[in-house]
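So the chains spell out like this:
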Amino acid sequence: MALEIKILDYGDIELESSFLVLGRDCGRTRRVPTYGFLILGGPWPVVVDTGYRHNQIMESLGMRGLQFHENMIENQLARHGVRMGDVRYVMHTHLHIDHAGKDELFPMNTTVLVNRRELEYSVSGLMHPQYPAPDIKHLIDRLHTRDALRFEDLELSGMIELFPGCYLEAAGAHTEGSMNVHVDTNEGRAIICGDVIYDFNDQIVSPFHELHANEPRTTGNHGVSKREEKAAIKKLLANGAFLLPVHDKPAKIAHGQVVGRMDMAVPGPVVQSLPARNWFAA
């Protein structure tokens, strides 16, 4: 079954640059998008990540939210002919402040799907206050409502099939419970990878302050080891034809390299082509 992914624009965030790429432009502010994803072509519409609750909540992290009327999730879905009640699953790459802020707008018969480890991690205090109380308390309400919440145990089960062409896998990076969503399109496998990657250029294409060949730069915001973070990025590059993070435009991948950048749909046109690196040229 060939699926397609539409990118949902939930607005921007202004934050300190080294939060995104370790050590880059410390003290300088950068503005980045916040995306969600609508998977179409399967038995029902599925949403991955729901953005942040409102602009003011980003101030708890010293950041600035820039979310406007057109960025509201119901308006983003309506652009693709989808209503909130049409969505069968809301899945989360993880539950940070800018990923799970609009779950309560979906009816309780829309099932929110998370990796169980991520809900456990969200209440551990290890990355507080990146898990705001209203978002997590809503998930506890779902925990006590029949069929409103679904858990997977991806670290133990390995990759699972949600429906034909859509698979879930433990990310092994960013947070202890992060997961990747694999989507089979007619142009190859696309992987929605949350915040395992923040910035393709400074982490992968021209890794900031990295000396070693094929060595990605980690983000400045991860709750696992640098070794795990780097390995997770390399695994994504080895297995995806397209990679879709939440704070950068999608990338087209070939032979472990970023060879192009996409816009607001996968499959879709390549809007920027990057030259292949010929490591063995004379």
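Residues numbered from 1 in each chain as written. Predicted model: local features only at pLDDT ≥ 70, side-chain atom pairs only at ≥ 80, totals over all residues. Heavy atoms only, no water.

1. Thoughts on the overall build of the protein
Just so we agree on the cut-off: The helix and strand labels rest on DSSP assignments: H or I over at least four residues marks a helix, E over at least two residues marks a strand, and numbering proceeds from the N terminus. Working definition: with a 1.4 Å probe on protein chains only, accessible area under 20% of the residue-type maximum means buried, over 50% means exposed, and in between means partly exposed. Residues count as neighbours in contact if any of their non-hydrogen atoms are within 4.5 Å of one another. Every accessible area reported is derived by Shrake-Rupley at a probe size of 1.4 Å, with residue values counting cover from the shown protein chains alone. Neither His nor the chain ends is counted toward charge; the positive residues are Lys and Arg and the negative residues Asp and Glu. Charge positions come from single atoms, namely NZ of Lys, CZ of Arg, CG of Asp or CD of Glu.
When its secondary structure is counted, the protein shows seven helices and 16 strands. Dimensions of the protein, computed from the C-alpha atoms along their principal axes, are close to 65 × 45 × 40 Å. Sorting the 282 residues of the protein into buried and exposed places 54% on the buried side. Restricting to contacts in the protein with at least 6 residues of sequence separation, those with at least 24 account for 62%. Carbon and sulfur atoms provide 50% of the accessible area of the protein, an area that totals close to 12300 Å². Each charge class in the protein can be summarised by its mean position, and for the 28 positive and 36 negative side chains these summaries are 2 Å apart.

2. Examining the pattern of salt bridges
Filter applied, for reference: Between Lys or Arg on one side and Asp or Glu on the other, a salt bridge is scored when a side-chain nitrogen of the former is within 4 Å of a carboxyl oxygen of the latter.
Enumeration over the complete set of coordinates arrives at 21 salt bridges. Of the charged contacts, one joins aspartate 263 and lysine 249 as a salt bridge, the two residues approaching to 2.7 Å between their closest N and O atoms. Of this pair, aspartate 263 sits in the loop between strand 14 (257-262) and strand 15 (265-266) while lysine 249 is found in the loop between strand 12 (242-245) and strand 13 (251-254), placing the two residues 14 residues apart along the sequence. The network of salt bridges with common partners includes Arg24, Asp25, Arg30, Asp199 and Asp202.

3. What to know about the packing of aromatic side chains
Using the following cut-off: Two rings from Phe, Tyr or Trp (for Trp, the six-membered ring) form a pair when their centres sit within 6.5 Å of each other. Planes less than 30 degrees apart are called stacked, planes more than 60 degrees apart edge-to-face, and all others tilted. In this scheme, Lys NZ or Arg CZ marks a charge over a ring once it lies within 6 Å of the ring centre and within 35 degrees of the ring normal.
Counting across every chain of the model gives four aromatic pairs. Ring plane angle 90° and centroid distance 6.1 Å describe the contact between tyrosine 121 and tyrosine 131, whose orientation is recorded as edge-to-face. Within this pair, whereas tyrosine 121 is found in helix 3 (residues 116-122), its partner tyrosine 131 is found in the loop between helix 3 and helix 4 (133-143), the two being separated by 10 residues in sequence. One exposure class covers both tyrosine 121 and tyrosine 131, and it is buried. Ring-pair connections join several aromatic residues into one group, and the members of that group are Trp44, Tyr89 and Phe163. Lying across the ring of tyrosine 89, arginine 88 places its NZ or CZ 4.4 Å from the centre.

4. Here we look at the sheet that holds strand 11 (residues 188-194)
One key point about sheets: their strands pair by backbone hydrogen bonds, in either a parallel or an antiparallel sense. Stated formally: Note on pairing: two strands pair once DSSP finds at least 2 bridges between them. Between N-to-C directions, angles span 0 to 180 degrees; the directions come from axes that are lines fitted to C-alpha atoms, helices contributing only their stretch in contact.
Read from one edge to the other, the open sheet built from eight strands follows the order 8-9-10-11-12-13-14-16, with strand pairing classed as mixed. With one partner strand each, in any of the chains shown, strand 8 (160-163) and strand 16 (270-273) form the two edges of the open sheet. If you compare each strand with its neighbour and ignore which way they point, the axes differ by 30° on average. With three bridges joining them, strand 14 and strand 16 adopt antiparallel strand pairing. The partner of arginine 261 across the bridge, within strand 16, is glutamine 272.

5. Digging into unusual backbone geometry
Note that the residue after histidine 128, namely proline 129, is joined by a cis bond; omega there is 5°. Turning to its location among the elements, proline 129 is positioned in the loop between helix 3 and helix 4. Put simply, valine 266 and proline 267 share a cis peptide bond, and its omega is -5°. Tracing the chain through its elements places proline 267 in the loop between strand 15 and strand 16. Its identity is not glycine, yet histidine 209 carries a phi of approximately 60°, on the positive side. Residue classification places histidine 209 among the exposed positions, given a relative accessible area of 64%.

6. Concerning the pairing of strand 8
Inspection of the sheet shows strand 8 paired to strand 9 (residues 166-170) by three bridges, in the antiparallel sense. The residue bridging isoleucine 160 from the neighbouring strand is leucine 168, located in strand 9.

7. A look at the side chain of serine 18
Selection rule: Any pair of N or O atoms that falls within 3.5 Å is considered a polar contact. Within protein, one atom must be able to donate a hydrogen and the other to accept it, and sequence-neighbouring residues count only if both atoms are side-chain atoms.
Along the polypeptide, serine 18 turns up in helix 1 (residues 17-20). At a separation of 2.3 Å, a polar atom in the side chain of serine 18 contacts the side chain of glutamate 16.

8. Considering the nonpolar core
Rules: For our purposes a nonpolar core is just a set of buried Ala, Val, Leu, Ile, Met, Phe, Trp, Tyr and Cys residues, chained together by side-chain atoms within 4.5 Å.
Core analysis: the biggest nonpolar cluster contains 28 residues, and Phe37, Ile39, Met91, Val181, Ile192 and Leu244 have the highest contact counts within it. Phenylalanine 37 has contacts with Ile5, Lys6, Ile7, Leu8, Val46, Val47, Val48, Ile192, Leu244, Pro245 and Val246, leaving out every residue within four places of it along the chain.

9. Thoughts on the state of the cysteines
Under the convention used in this document: The criterion for a disulfide is a pair of cysteine sulfur atoms lying within 2.5 Å.
In this structure the tally under the stated criterion is zero disulfides. Cysteine 166 takes part in no disulfide bond, and the closest cysteine sulfur, belonging to cysteine 193, lies 14 Å away.

10. What to know about the side chain of aspartate 195
Secondary-structure assignment places aspartate 195 in the loop between strand 11 and helix 6 (200-205). At 12 Å, arginine 24 is the nearest oppositely charged side chain to aspartate 195, a buried residue that forms no salt bridge. A polar atom in the side chain of aspartate 195 sits 3.4 Å from the side chain of histidine 94. Aspartate 195 has contacts with His94, Asp98, His99, His174, Thr219, Glu229, Val246 and His247, leaving out every residue within four places of it along the chain.

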